[in-house]
Amino acid sequence: MRNVVIIGSGCAGNTAAIYAARANLQPLVVTGHEPGGQLSLTTLVENYPGFPRGIDGPDLVENMKRQAIHFGAEYLDGTLLEADLSKRPFRIRVEEEWIETRTLIIASGASARWLGLPAEQRLVGHGVSSCATCDGFFYRDKKIMVVGGGDSAMEEAIFLTRFGSEVALVHRRETFRASKIMLDRARANPKIHWLLNTVVADVHDVEQGIVTGVTLCDLQTGKSYRRDVDGFFVAIGHVPNTKPFLGKIELDPDGYIVSKGGARTSVTGVFHAGDVQDRVYRQAVTAAGAGCMAAMEVERFLESEGH
Ligand code: NAP
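Everything quoted here is computed from the prediction, not taken from an experiment.

### Describing the pairing of strand E6 (residues 80–84)
And step 1. As judged from the four bridges shared by E6 and strand E7 (residues 90–94), these two strands associate in the antiparallel manner. Looking across to E7, one finds that leucine 80 is bridged to valine 94.
And step 2. Between E6 and E7, which pair antiparallel and follow one another directly, the connecting turn spans five residues.

### Some thoughts on the domain arrangement of the protein chain
And step 1. Assigned domains within the protein chain: domain 1 (2–111 + 238–304) and domain 2 (114–234).
And step 2. Computed over C-alpha atoms only, the centres of domain 1 and domain 2 are separated by 31 Å.
And step 3. Taken together, the contact pairs eight residues of domain 1 with eight residues of domain 2.
And step 4. Taking both sides of the interface into account, the surface hidden between domain 1 and domain 2 amounts to around 690 Å²; carbon and sulfur atoms contribute 47%.
And step 5. Sorting the residues of domain 1 by area buried against domain 2 places Leu41, Thr43 and Glu46 first, and these three jointly supply 44% of that buried surface.
And step 6. Linking domain 1 with domain 2 are zero salt bridges.
And step 7. Linking domain 1 with domain 2 are zero residue pairs in polar contact (both at pLDDT 80 or more).
And step 8. Grouping the amino acids of the side of domain 1 that touches domain 2 by side-chain chemistry returns two nonpolar, four polar and two charged.

### Focus on the packing of helix H1 (residues 11–22) against helix H7 (residues 284–304)
And step 1. In the contact formed by H1 and H7, the axes pass within 7 Å of each other and the chain directions differ by 40°. Read as a crossing pair, H1 and H7 show a hand that is right-handed. Counting all contacts with H1, which are made through Cys11, Ala12, Thr15, Ala16, Tyr19 and Ala20, the residues of H7 involved are Ala284, Ala287, Ala288, Gly291, Cys292, Ala295 and Met296.

### Topic: the state of the cysteines
And step 1. A full pass over the atoms with the stated rule returns one disulfide.
And step 2. There is a disulfide in this structure between cysteine 131 and cysteine 134, and the S-S distance comes to 2.0 Å. Its S-S torsion of approximately 80° makes the covalent link between cysteine 131 and cysteine 134 right-handed.
And step 3. Relative accessible area serves as the criterion here: at 23%, cysteine 134 is assigned to the partly exposed category.
And step 4. Cysteine 134 provides the cysteine sulfur closest to cysteine 11, a residue in no disulfide bond, and the two sulfurs are 11 Å apart.

### Topic: the environment of glycine 274
And step 1. Considering the arrangement of structural elements, one finds glycine 274 in the loop between strand E19 (270–272) and H7.
And step 2. Spatially, the C-alpha atom of glycine 274 lies 17 Å from that of threonine 133, the residues being 141 residues apart in sequence.

### A few points about the pattern of salt bridges
And step 1. With the rule as written, the count across this model stands at twelve salt bridges.
And step 2. We note a salt bridge from arginine 2 to glutamate 74, for which the minimum N-O separation is 3.1 Å. With a gap of 72 residues between them, arginine 2 in strand E1 (residues 2–7) and glutamate 74 in strand E5 (residues 74–76) connect regions that are remote in the sequence.
And step 3. One network of salt bridges, in which partners are shared, links Glu82, Arg93 and Glu96.

### Notes on the sheet that holds strand E17 (residues 231–234)
And step 1. With respect to topology, five strands assemble into an open sheet ordered E10-E17-E11-E12-E13, the strand pairing being parallel. Strand pairing shows two members of the sheet lacking a second neighbour, strand E10 (128–129) and strand E13 (192–195), which therefore form its edges.
And step 2. Looking at chain direction, strand E11 (residues 143–147) and E17 are connected through four bridges and run parallel. Following the sheet pairing, valine 146 is matched in E17 by phenylalanine 233.
And step 3. Sitting on the sheet, helix H5 (residues 151–160) touches E11, strand E12 (166–170), E13 and E17, and the angle it makes with E11 is about 170°.

### Brief notes about H1
And step 1. Its twelve residues place the ends of H1 17 Å apart at the C-alpha level, agreeing with the 16 Å of an ideal helix rising 1.5 Å per residue.
And step 2. Within H1, ten of the twelve residues are buried, which leaves it mostly tucked inside the rest of the structure.
And step 3. Against E1, strand E2 (28–30), helix H2 (57–70), E5, strand E8 (97–106) and H7 lie the buried residues of H1.
And step 4. Of the residues trailing H1, asparagine 24 is marked for its positive phi of about 65°.

### Topic: the packing of H1 against H2
And step 1. One way to put it is that H1 packs onto H2 with a least axis distance of 8 Å and a crossing angle of 20°. Between H1 and H2, the crossing angle belongs to the class labelled roughly parallel. As for how H1 packs across H2, the hand of that crossing is left-handed. In this structure, H1 contributes Cys11, Asn14, Thr15, Ala17, Ile18 and Ala21 to the contact, and H2 contributes Val61, Met64, Lys65, Gln67 and Ala68.
And step 2. Tallied by class, the residues present in the contact of H1 with H2 amount to seven nonpolar, three polar and one charged.

About the cut-offs
- Residues numbered from 1 in each chain as written.
- Predicted model: local features only at pLDDT ≥ 70, side-chain atom pairs only at ≥ 80, totals over all residues.
- Heavy atoms only, no water.
- Pairing = 2+ DSSP bridges.
- Helix = DSSP H or I, 4+ residues; strand = E, 2+ residues; numbered from the N terminus.
- Domains from an automatic or database assignment.
- Contact = heavy atoms within 4.5 Å.
- Buried area = accessible area lost by both parts, 1.4 Å probe.
- Salt bridge = Lys/Arg side-chain N within 4 Å of Asp/Glu carboxyl O.
- Polar contact = N/O pair within 3.5 Å; in protein donor to acceptor, adjacent residues only side chain to side chain.
- Nonpolar A, V, L, I, M, F, W, Y, C, P; charged D, E, K, R; others polar.
- Axes fitted to C-alpha atoms, helices over the stretch in contact; angles between N-to-C directions.
- Left-handed = near helix turned anticlockwise from the far one by under 90°.
- Disulfide = S-S within 2.5 Å.
- Buried < 20%, exposed > 50% of the residue type's maximum accessible area, 1.4 Å probe, protein only.
- Expected span 1.5 Å × (residues − 1).
- Parallel < 35°, antiparallel > 145°, perpendicular 65-115°, else oblique.

Okay, here's the thing in structure tokens:
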């Protein structure tokens, strides 16, 4: 029987593990299908406090894990496949193993939605990014492209005009999902160049290991053409990793966990941390803060239950 199992090993999960381990709860962290979370997909992180020269995302998250292990956290490689939250202790299945736990912290994150082009995946971190806040700085005076037609795409395009020599916004329709205010703000920005009714057919250049351009297809004319870009930002939404919890805890229509205040979920004893609940800030530092909150709530909850 575990005191606490933490689902996910990104910033939120690792920070929860550090706090829970230092509270002598011997947490078990289930690493999940993207061990290290989104930080493990980035290169230099320059906005995490405490690192004046920045730190590589994979190093940052590995350091957190080592810190948690130092205080007694255990890590189990695998993915949560099933959860029985109908009564306590909770039962979760990780691969073939069933584990019982008094409390659960869900820190399984949200994965960026990608276009699904093979070249796109090969060039993530080498010109392809899903986070303007993280990577925009690397494209000073460079040509930038953003894909998407929602608030994220508008926000990223506006933000990236601070850096790029130009920002091309590619959207597959000519109407937008973005809110009017965000769209108006983007439209008023002279640095944004609009490529509507257009889809990305390919990203170049896998051979060189760096983004040099894209092939676009104009859906109205059916014509394909190449456009040079240095930074390629995909902003077509995120998918929260909550599939095993569907129907078991309250989720919003997009699948994000609904917070019941602090780190609480709709199920007593189940807590949330990080991007699995947060669709607004989604930063390493906010996820770490949320992990801390969840672990502190677990500690108080177990104490109140007499453990
Ligand atoms: P979103 O609203 O779901 O928009 C996703 C966009 O990506 C849509 O325009 C969609 O096109 C496009 N898209 C999806 N799959 C695609 C594909 N395979 N190929 C090409 N385009 C594709 O997602 P979001 O922009 O991340 O926003 C998510 C939520 O967060 C929203 O509620 C939003 O309001 C909120 N948010 C708010 C702010 C803010 O207020 N500052 C900032 C960011 C996010 P279609 O329209 O054609 O489907």
